[in-house]
Amino acid sequence: MSLPAHLAGITALDLSSVGPAARCSRILADYGATVIKVAPTPRTGAVQIQPPYYAYSANRGMKRVQVDLKADDGKAAFLRLAASADVIIESFRPGVVSRLGIGYDDVRRVNERIIYCSTSGYGQDGPASQWAGHDLNYLAVGGYLHCAGRRADGGPALPGATVADSAGGGMHAAIAILAALLRRGVTGTGEYLDVSVAEGVLFFTSLYIDQYLATGATPGPGHDVLTGRYACYDTYQTRDGKWLAVGAIEPAFYANLCKAIDCEQWLAYQTDDARQDDIRAAFRSAFARRDRDDWVASLAPRDTCVAPVYSIAELTSDGQFLSRNVFVEAQHAQHGAFRQVGPVMAGIDRSASTYGVPDSSLTDTAELLRSAGVREQDIEKMQRDGVVA
């Protein structure tokens, strides 16, 4: 007998189109929640970023409504949907949802079980709460950029992914929502969640922050093994111009590596600061003798903590990922079939190889409003007036 999805029966309204909230709702949907994307109607002229059709897994498995939240009837329609929802996720600037009349207090009056999650860059209060920002800004204030590698001009290198949005915000929000759902099972009531993306970044850099607070040490690039102090934790170019990532932190793994690449003379100097330039030079010379994939085939099975630095194109053909069914096919009414990253979080059924994804030119507004108890004539009037679409 097949098991139900983890979040079967949970309904979430997502007022975002991109960023941390969209990352969060992606996680909830993959775990089986019914996620309803709430977008403005065309008549409002509201500015909502519309990502490419393939982004955010093309909203796989989600529904969509368009509502003018500035109109009284539109606000009432949203509150009808919220009355039977379990979760609301929003990412407006702090204070906006309350001014619209759809904030936590407004929704709680019609649904005391609601879990209302606000994601913002810096939190709902404090001197930076109204600052605009993006992923890079939150990584900056959280110390992540300072501890990262440096460009040739000495500036912090740009990260290669939206780490703050995805984990500091999206995963942060999803974990908080799941915890709140569990607590609601005990208390019977919902709660408000104030997710600060910047504070999520502090969780990533907490090893360094705690080190500074406890000892006064000042972490930064090259201050310890994880930020480039030692040659055993670095990247190296190979003969074909590609790169290897070496993470041989433990002495046993470092020893295996040195022996495998004919650098045994450096076995006793793994953490000797005076010899790191010499060790790096030796490693560079060794790795330059063979192509990347030859090194991976030789070293990876030998407990050396070596992995290829893949391009995006390369990783989509990686045998490990393919063996675990992490890529699936999506079917779009306008764009046809294309591959995408499937549900990769632990515990999710990966047996499906093909998923239908919604056509963004269509909505489920009328169907969902009917399910919420809105009369047909009222739906038709709102459609005529441009309040819903």
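Note that the structure is a prediction, hence the values are computed from the model and not measured.

## Some remarks on helix 12 (residues 292-299)
Item 1. Residues R292, W295, V296, S298 and L299 constitute the buried set of helix 12.
Item 2. The secondary structure elements touched by the buried residues of helix 12 are strand 8 (243-247), helix 10 (251-260), helix 11 (276-287), strand 9 (306-308) and helix 13 (312-315).

## Comments concerning the environment of L69
Item 1. Here L69 lies in the loop between strand 3 (63-66) and helix 2 (72-83).
Item 2. Taking the C-alpha atoms as reference points, L69 and L79, 10 residues apart in sequence, are found 9.9 Å from one another.
Item 3. Not counting chain neighbours up to four residues away, the residues in contact with L69 comprise L15, G74, K75, F78, L100 and I102.

## A look at the packing of helix 7 (residues 163-187) against helix 8 (residues 197-204)
Item 1. Between helix 7 and helix 8, whose axes approach to 8 Å, the crossing angle comes to 100 degrees. It follows that helix 7 is roughly perpendicular to helix 8 by the angle criterion. Residues V163, A164, D165, A167, G168, G169 and H172 of helix 7 lie in contact with helix 8, whose contacting residues are V197, G200, V201 and F204.

## Quick notes on the packing of aromatic side chains
Two numbers describe a pair of aromatic rings. These are the distance of the centres and the angle of the planes.
Item 1. One pass over the structure, following the stated rule, counts 14 aromatic pairs.
Item 2. When the centroid spacing of 5.2 Å and the interplanar angle of 85 degrees are considered together, the rings of Y53 and Y54 count as edge-to-face.
Item 3. Where Y104 meets Y116, the ring centres are 6.1 Å apart and the plane angle is 65 degrees; that geometry is what we call edge-to-face. Here Y104 is found in helix 4 (residues 104-108), whereas its partner Y116 is found in strand 5 (residues 115-120), with 12 residues between them in sequence.
Item 4. Through a chain of ring-to-ring contacts, the aromatic side chains of Y236, Y254, F283, F287 and W295 assemble into a single cluster.
Item 5. The aromatic ring of Y355 is capped on one face by R60, whose charged end is 5.3 Å from the ring centroid.
Item 6. The lysine or arginine in question, R275, covers the ring of Y269, its NZ or CZ lying 4.8 Å from the ring centre.

Analysis parameters
- Residues numbered from 1 in each chain as written.
- Predicted model: local features only at pLDDT ≥ 70, side-chain atom pairs only at ≥ 80, totals over all residues.
- Heavy atoms only, no water.
- Buried < 20%, exposed > 50% of the residue type's maximum accessible area, 1.4 Å probe, protein only.
- Helix = DSSP H or I, 4+ residues; strand = E, 2+ residues; numbered from the N terminus.
- Contact = heavy atoms within 4.5 Å.
- Axes fitted to C-alpha atoms, helices over the stretch in contact; angles between N-to-C directions.
- Parallel < 35°, antiparallel > 145°, perpendicular 65-115°, else oblique.
- Phe/Tyr/Trp six-rings, centres within 6.5 Å; stacked < 30°, edge-to-face > 60°.
- Lys NZ or Arg CZ within 6 Å of the ring centre and 35° of its normal.

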